[in-house]
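Here is what each chain is made of, one letter per residue.
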Amino acid sequence: MPVGEARRILTADDVHAIVVTFRDLLRTHQESINRLNVYPVPDGDTGTNMALTMESVVAEVEALVSDTDEPDMAAVCRAIGHGALMGGRGNSGVILSQILRALSLGFADAYAVGPVAVAQSLESAATGAYEAVSRPVEGTILTVARDAAAAATRAVDDGAELVGVIEAARVAGGEALARTPEQLPVLAAAGVVDAGGAGLLLLLDAALHVVDGRDLPVPIGVPAQVGPERVFPAAAQSGDDLRFEVMYLLEADDAVIPAFRRTWEGLGDSIVVVGGDGLWNCHVHTDDVGAAVEAGIEAGRPRSIRVTDLRDEVEEERWVREAAGRLTADGPGADGAGAAGDRRASAGLDDGPAADGPIVCGVVAVAVGTGVERLLRSLGAQEIVSGGQSMNPSVAELIDAIGA
């Protein structure tokens, strides 16, 4: 694309580039989004879950591209939809998967993905996201998606080209995000905007980068005052004190899903069910894990069952925030990138035991997130290798850390 010339339609290659860029942005902004996470549970994992969801999407698309010389739009969109459904993680990740599936369906059905198709697909995505949530709450990712879609439709009505439609959606989405504390008291009390909405805006940033060469946003972090003394009392007002997060893929006829939803509504909250054509990604917060799983067995065949103790997650997040506050007055870092020495310097840390003499027994840890890195260093780890579930470090990285 010549410098200064924006695309007028999206090709399959463009859509591929957008999802990869979005994944990369989520990884870069992951920790700052995690620190915004106070609703529905302050477990500090929204950025991580959205990034892991996009890892699944990108893996599907990359596999397609490696096996096909020139995959068409329909094939790329099928890969996005399937990857999103299979990889949706957590409350925001599953909602994001519904948004991505709706967008990909809209793009796949379009002869040419121009401004009209983009606006219509954004509208479908917002509608689908609201329908996926049993009890929609304003001031969340849902509100941001809806306002962005409405602005895109208005831009099309005004005759805007592709970049103008995406830009209108991004501006309106940003304004909606800024208003989320006015709609959700828990956000106002904690002094943050909605974490899921912040993550969703990065999708539009990625699209503007691919379509018009716009600069990608740099993580700005979270204000230092957003510490545990504000976050956890505020989160207690949300009313979601259910202990467990239950997630699974459900193979079931579409016709039984309404009854399945009603059963879950009697068991818990934060219910998100997305999918179709016999395969569903299901998420609920509940105190009764057994009944939540049994509901899936009655409806069909649940698999890939994951159960998380939310109380443990919240306590761990409290520990991370308290430790980060002790270690540096500037709060958590934004991205955790760079060499070990750079991370130590940016975190306000010294080199640990090495500063006092030779290391007799060294510890190399593998962790994701600057907050966790700080905790491990405070406990005596000499080197931290970035990695974790689904993103294991290489042997070379581990050897380099041992050598250091």
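Colleague: Explain the packing of helix α5 (residues 115-132) against helix α7 (residues 162-183) to me, please; I cannot follow it from the model alone.
Modeller: In a pair of packed helices, the angle between the axes and the distance between the axes together describe the arrangement. At their nearest, the axes of α5 and α7 sit 8 Å apart, and the two run at 25° to each other. It follows that α5 is roughly parallel to α7 by the angle criterion. For the crossing formed where α5 meets α7, the hand is right-handed. Facing α5, whose interface residues are P115, V118, A119 and L122, α7 presents L162, V165, I166 and A169.

Colleague: Would you mind going over the pattern of salt bridges with me for this structure?
Modeller: Oppositely charged side chains may form a pair once their charged atoms are brought near each other. Tallied over the entire structure, the rule returns 17 salt bridges. With a shortest N-O distance of 3.0 Å, E55 and R27 are connected by a salt bridge. Linking E55 in helix α2 (residues 46-67) with R27 in helix α1 (residues 12-36), this pair joins segments that are 28 residues apart in sequence. Across the pair E251 and R301 runs a salt bridge whose closest N-O atoms are separated by 3.2 Å. Of this pair, E251 sits in strand β1 (residues 244-251) while R301 sits in strand β4 (residues 301-309), and the two are 50 residues apart along the sequence. On the accessibility criterion, E251 (31% relative accessible area) is partly exposed.

Colleague: Got a minute to help me understand the sheet that holds β1 in this structure?
Modeller: What links the strands of a sheet is backbone hydrogen bonding, and the strands pair in either a parallel or an antiparallel sense. If you walk across this open sheet you meet the four strands as β2-β3-β1-β4, and the pairing is antiparallel. Each edge of the open sheet is held by one strand with a lone partner, namely β2 (268-276) and β4. Averaged over all adjacent pairs, the angle separating strand axes in this sheet is 10°, with direction ignored. Sheet topology places β1 next to β4; seven bridges connect them, and they run antiparallel. Looking across to β4, one finds that M247 is bridged to R306. Contacts between helix α4 (residues 90-109) and the sheet are confined to β1, β2 and β3 (279-286), with β2 contributing the most and set at about 30° to the helix. Across the face of the sheet, helix α11 (residues 257-265) comes into contact with β1, β2 and β3 while running at roughly 165° to β2.

Colleague: Could you clarify how one ought to interpret the pairing of strand β5 (residues 364-367) in this entry?
Modeller: If a strand is regular, its side chains alternate between the two faces of the sheet. The side-chain alternation of β5 yields one buried face, formed by A365 and A367, and one unburied face, formed by V364 and V366. Summarising the sheet, β5 and strand β6 (residues 383-386) pair through four bridges and their orientation is parallel. Looking across to β6, one finds that V364 is bridged to E383.

Procedures and definitions
- Residues numbered from 1 in each chain as written.
- Predicted model: local features only at pLDDT ≥ 70, side-chain atom pairs only at ≥ 80, totals over all residues.
- Heavy atoms only, no water.
- Axes fitted to C-alpha atoms, helices over the stretch in contact; angles between N-to-C directions.
- Helix = DSSP H or I, 4+ residues; strand = E, 2+ residues; numbered from the N terminus.
- Parallel < 35°, antiparallel > 145°, perpendicular 65-115°, else oblique.
- Left-handed = near helix turned anticlockwise from the far one by under 90°.
- Contact = heavy atoms within 4.5 Å.
- Salt bridge = Lys/Arg side-chain N within 4 Å of Asp/Glu carboxyl O.
- Buried < 20%, exposed > 50% of the residue type's maximum accessible area, 1.4 Å probe, protein only.
- Pairing = 2+ DSSP bridges.

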